[in-house]
Amino acid sequence: MDDGIYRNTCPRNCYGTCGILSHVKNNKLVKVTGDPSHGFTKGSLCAKGYAYTQFVYNPHRLKYPMLQTPRGSGNWVRISWDDAYSIIGKKMIELQARYGSNLASGYNKYSGNLGLLHYATEGLFNSIGTHTKPVGNPCALTGLNALEYSFGKKFSAVPEDMTYSKMIVLWGANPAVTNVHQMKFIYEARRKGAILVVIDPVLTQTAKKADLYIQIKPGTDMWLALGVAKLLYENGYASNDFLNERGEGWNEYINFITHGITMQEVYEITGVPPEAIAELASLYYSIKPTATWAGLGIQRNSNGNDSIEAINSLVALSGNLTIPNAGLYFMHFDVETFPNKLLNLEGPPNELVLESRSVDISDYANNALSFDNPPLKLLWIASRNIFTQDQNLAEWKELFDQLELIVTVDMYLTKTAMQSDLVLPAATHFEEEDLNIGYWHYWISLNQKAIPAYYEAKSDLQIARELTRKLNQLSPGFSSFPHEKEPIDWIYEEITPEIKHLYGINSFEDLMTKAFHKKEKSIFPDDRQIFRFFTPNENNCVASKAPGLDSFTLLTPQSLLKIHSQYEWVSWLNTKKDESLIEISLAAAKKKGIADQDKVELYNESASIIGTARISNHLPDNIVLTHQAGSNPINQLIKNKDTEKPDSSTYFYDSIVRLRKWEGYNV
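So, here is what we can say about the structure in this document. (Residues numbered from 1 in each chain as written. Predicted model: local features only at pLDDT ≥ 70, side-chain atom pairs only at ≥ 80, totals over all residues. Heavy atoms only, no water.)

### Re unusual backbone geometry
To be explicit about the condition: In this text, helices come from DSSP runs of H or I with a minimum length of four residues, and strands from runs of E with a minimum of two, each type numbered from the N-terminal end.
The step from Lys 288 to Pro 289 runs through a cis peptide bond, and the omega angle for that step is 0°. Looking at the secondary structure, you find Pro 289 in the loop between α12 (274-286) and β12 (290-294). In this chain, Asn 373 is followed by Pro 374 through a cis amide linkage whose omega measures 0°. One non-glycine residue, Gln 597, lies in positive phi territory at about 75°. Here Gln 597 lies in the loop between α20 (586-592) and β24 (599-603).

Here it is, written out as C-alpha cells:
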C-alpha cells in the first residue's frame, strides 16, 4: 500500500459508526484520527477508536488457519487455507449427500462487523441453496417492533438536531458511556440553556450530569410514561395538533390513562416519588421542543415493547412529535434501503426443500437442538462470541456436542473459537474494503483498504470467494456465489441511482473524499402518516414480579472501553482487576456482611461466578450491576425465560440472581 492517509469507518455495533483517517507508512498503520468531514463524529474518535493500532498489531491476533484436534483440547495445529477449505467443503458436500439438502449446514452471525460486505457470510450460505440461518435481533428487535407499531416504520430523529432542543429526556440511555459522540450535541444544547433529564435505575455517568435524575425500578418505564401522560391530559396539557385526526387508538389510550390507572399505582410500581413525576410532567408541558431518547435497556425485559410504545405515545401527547428539534430517538434501519446484494443473493432451488430453515437468534441453541430432519451438523460462526455474549450456555454446550464441524471466523482466539474445530483468521476493517451506514446517525461512509492483511487474515468476502472455488472444484455447481466479483464490484452495486439521490452523491468517487449525510430528514409526520397510540389493557399492564426478598435483578450494561468482549485484548484499554467488579447496594452489603473489595458470589440455577464487591451508595437495594465479558463472563447466569416471545429482544434484564460472600480460597 502507498504511504498516506486512507478513509476508514469503524464497523462495530455502536451508535458512532465513526469516520476514521488512517495514517499509513511502510505498509503499517501508524496512527488513526477522526475524520473531520463526518458531521456526526466531527473529527474525533472514542478511546477504543484511538487504540486501533494496538488492536491491529496485537500479539494475540490470529495469524493463520488453525485446526484443533480433538475439539476443546487446546491442541491447535496450523494448516493452510487450502486445507481449511477442503475440510469445510468436504463436510458440506458429505452432509448434503447424507440428507438431500444443506439444512444440516448453518451459520450464526451477528454484529461484530456491520459493513455491508460482511453480508458475504449470508451470501455464501444462500449460494448453496436451502440451509439453516438465524433470524431476529437479540439487542433491539423489541424496540424496533414498537417503532413499527407506533409510526408504521422504524423511525428515529436526526441526532445532530438534539443541539437545538430545549429539553432532552434520556430514558434508559447512557451516552456518556455508549454514545460519546452524542454528548457533544447534548453539551451544546445545554450551553444554550437546555434542561437534561435522565431516567434510569442506575445513577450512570450521564445521570450525574443531569438537571433532573429520576431513579426508576427496572422494567417499569411503561407506568411512568402512562403516569406522566395522565397528568398532562387531566390538567388540559395534551397537544391537539393531530391527535384526533391522525392518532389511531386515541380514545382507548385516553380512556385507560384516565380510568385504568391511578397515580398511586404509578408511584408504587415505579418507585418514583410523586414530586418527581409531577416535575417531569410540568417540564414536558412547559418546555418545547423536547427530544426524548428511549434507550436499548428499556426494552430488554418482558415489558419492553409496551414501555417503548408508551413512551412514544407520551411524546405524541405532549406535542413533541410534530415540531422541529423535538421528536423521538431510538435507532433506525436505513440499511434496509440499500440493495444489500450479498444479503439477498439467491441460491439454487432445491425441489425437495423449498425454503431455508430459520432459527431465532435469541434462542439459537434451543431451537437448533429441536431439529431432527436433519439435525444441525455444521455450524459457521462469524462476527460474534457466543460463549461470552449469548444466553443458555448449557444448551449451547449440548448443541456443540452434536455438531460434526464448528468453524469460527474471528480476529482473536475467543472463548467461542477455543471450542471450535477450525478457526479462520479474520481481517480488520483496515485490511479490507467496505461500505458503512449508521443506525443512529444518517451518514454513509466508505471503508478503504489501508494496509496489507495481518499475516494470513482474510475478509469474510474473500473467504466466501475462495471457499466457493473449493466447493465447486470438489462438486461442480455446488455454490452459485459469484466468486469472480471484487469487493469494489459489490460496493458499486450498492450505490444505485436511488442511493445517490438519497445521499446527494454524484458518483462513487465522491465517497473517496468525504462522508455524506442523507438529504431527506427523518421527521414525523409526513402529510399522510398515522401515529398509533399505545393500547394498554389488563394483560399488558401487569406489573413485573419483583425479585424475591433475597434476590436481585441483574443489570449488565456496556462498559466504556469494550463492546461485549471486543477490545478485551487491548491492554491500553483494559486492566484485569476491573473485569470482575460486582456493584451492590449499601443495604445488600450490610445484609450479607460484605465489605468493599470482598470476594462475592453471584449465582442462580444456571451458574455461579465470583467477583470483587464494589459497594454503591446510589444503587437500589434489589439491583446488582456488573459488566459483560472478561475471563468469567456474566452471561453464564443468563437464560431465556419461558415467557419470552419469539419476535422480541432477549430479556437480559429479567435475570434474577442471588448474592453471598465468597468463602473459598481461590477465585
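### Remarks on the state of the cysteines
Cut-off, in case you're wondering: Cysteine sulfur atoms that come within 2.5 Å of each other are treated as a disulfide pair.
Summed over all chains, the structure comprises zero disulfides. Left without a disulfide partner, Cys 18 is nearest to the cysteine sulfur of Cys 46, which lies 5.7 Å away.

### Things to note about the nonpolar core
Here is the rule we go by: For our purposes a nonpolar core is just a set of buried Ala, Val, Leu, Ile, Met, Phe, Trp, Tyr and Cys residues, chained together by side-chain atoms within 4.5 Å. Accessibility here uses a 1.4 Å probe with only protein chains present; expressed as a share of the type maximum, an area under 20% marks a residue as buried, one over 50% as exposed, and anything in between as partly exposed.
Of all hydrophobic cores here, the largest spans 83 residues; its most connected members are Trp 171 and Tyr 253. The greatest single-element share of this core, amounting to nine residues, is contributed by helix α8 (residues 221-234). Val 24, Phe 55, Leu 435 and Ile 463 belong to the second largest nonpolar core, which has 72 residues in total.

### Describing the packing of α8 against α12
As a reminder, the rule being used: Here an angle of 0 to 180 degrees is reported between the N-to-C directions of two axes, which are lines fitted to C-alpha atoms, with helices fitted over the stretch in contact. For this classification, under 35 degrees means roughly parallel, over 145 means roughly antiparallel, 65 to 115 means roughly perpendicular, and everything else is oblique. With the far helix as reference, a near helix turned anticlockwise by less than a right angle produces a left-handed crossing, and one turned clockwise produces a right-handed crossing. What makes two residues a contact is simply this: any of their non-hydrogen atoms within 4.5 Å. Note on residue categories: nonpolar means Ala, Val, Leu, Ile, Met, Phe, Trp, Tyr, Cys or Pro, charged means Asp, Glu, Lys or Arg, and polar means any other residue, Gly included.
Between α8 and α12, the shortest axis-to-axis distance is 9 Å and the interhelical angle comes to 60°. With respect to each other, α8 and α12 are oriented oblique. With respect to the hand of their crossing, α8 and α12 are arranged in right-handed fashion. Residues Leu 224, Gly 227, Val 228, Leu 231 and Leu 232 of α8 pack against Ile 277, Ala 278, Leu 280, Ala 281, Tyr 284 and Tyr 285 of α12. Here the contact of α8 with α12 is built from residues that sort into 10 nonpolar, one polar and no charged.

### Some points on helix α5 (residues 141-151)
Counting buried positions along α5 yields eight of 11 residues, so the element is predominantly enclosed. Among all positions of α5, only Leu 141, Thr 142, Gly 143, Leu 144, Ala 146, Leu 147, Ser 150 and Phe 151 are buried. Against α13 (304-317), β13 (328-329) and β21 (531-532) lie the buried residues of α5. Positive backbone phi, approximately 80°, marks Gly 152, located one or two places after α5.

### Some points on the pattern of salt bridges
Heads up, the condition is: For this document, the term salt bridge refers to a Lys or Arg side-chain nitrogen within 4 Å of an Asp or Glu carboxyl oxygen.
What the rule picks out here adds up to 27 salt bridges. We note a salt bridge from Arg 71 to Asp 421, for which the minimum N-O separation is 3.0 Å. In this pair, Arg 71 sits in the loop between β4 (66-68) and β5 (76-78) while Asp 421 sits in the loop between β16 (405-410) and β17 (422-425), placing the two residues 350 residues apart along the sequence. In this structure Asp 421 comes out as buried when scored by relative accessible area, which is 11%. Linking Arg 191 and Glu 188 is a salt bridge whose minimum nitrogen-to-oxygen distance equals 2.8 Å.

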